[in-house]
Amino acid sequence: MDNIVTFELFGLPPIEDVLPDRIETMHKVFGKNDGNKCGDCIYFVRYKQGSRWSKCSLTVQTGGTGTDWRATWPACGRFVSKDE
Ligand code: SF4
């Protein structure tokens, strides 16, 4: 039994739809910017140094993976498009 089936059994959303606390906190503090993704925001920073990772420059950043950010996450209310 995989995770998706397990979640469906308990009436929970698929695991890929569950967001971590760090982005949920941004949504609670700043609201959401529907229709946009973090990866299109000027505060989304990509790093490449042997491996690749990303961070949101508007929140806490550490050297660990606990503050890594995903381009696919729904944007918060502080979203500013890279195209502006
Ligand atoms: S939309 Fe921008 S400021 Fe908001 S969480 Fe995503 S990267 Fe950070």
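What you see is a predicted model, and the numbers here were worked out from it, not measured in a lab.

Criteria and cut-off values
- Along each chain, residues carry numbers from 1 onward, in the same order as the chain's sequence is written.
- Only residues with pLDDT of at least 70 get local features here, since the model is predicted, and only at 80 or more are side-chain atom pairs given and counted; chain-wide, interface and lining totals rely on the full set of residues.
- The helix count covers DSSP runs of H or I at least four residues long, the strand count covers runs of E at least two residues long, and both are numbered beginning at the N terminus.
- The exposure label follows from counting other C-beta atoms within 10 Å of a residue's C-beta, where the C-beta atoms are placed from the backbone and the thresholds are 20 or more for buried and 12 or fewer for exposed, leaving partly exposed in between.
- To decide whether a residue is near a molecule or strand, its C-beta atom is placed from the backbone and checked for lying within 6 Å of it.
- All amino acids are sorted into three groups, where Ala, Val, Leu, Ile, Met, Phe, Trp, Tyr, Cys and Pro are nonpolar, Asp, Glu, Lys and Arg are charged, and the leftover types, Gly among them, are polar.
- Two strands make a pair as long as DSSP finds a minimum of two bridges between them.

Asks: Looking at this structure, I do not really get the overall build of the chain. What am I missing?
Replies: Helices and strands together make up the secondary structure of the chain, namely two helices and four strands. What you see in the chain, going N to C, is helices and strands ordered as α-α-β-β-β-β. Across the 84 residues of the chain, 12% fall into the buried class.

Asks: In this structure, what is going on with the site of the ligand? I would like to understand it.
Replies: The local shell around the ligand consists of Met26, Cys38, Cys41, Tyr43, Phe44, Cys56, Leu58, Ala75, Cys76, Arg78 and Phe79. Each residue belonging to the shell around the ligand can be placed in one class, and the counts come to 10 nonpolar, no polar and one charged.

Asks: Got a minute to help me understand the pairing of strand S3 (residues 51–56) in this structure?
Replies: Remark: a regular strand shows side chains that alternate across the two faces of the sheet. Bridge analysis of strand S2 (residues 44–49) against S3 gives six bridges, and the strand direction is antiparallel. Looking at the pairing, glutamine 49 lines up with serine 51 of S3. Connecting the antiparallel pair S2 and S3 is a turn made up of one residue, with glycine 50 showing a positive phi of about 85°.

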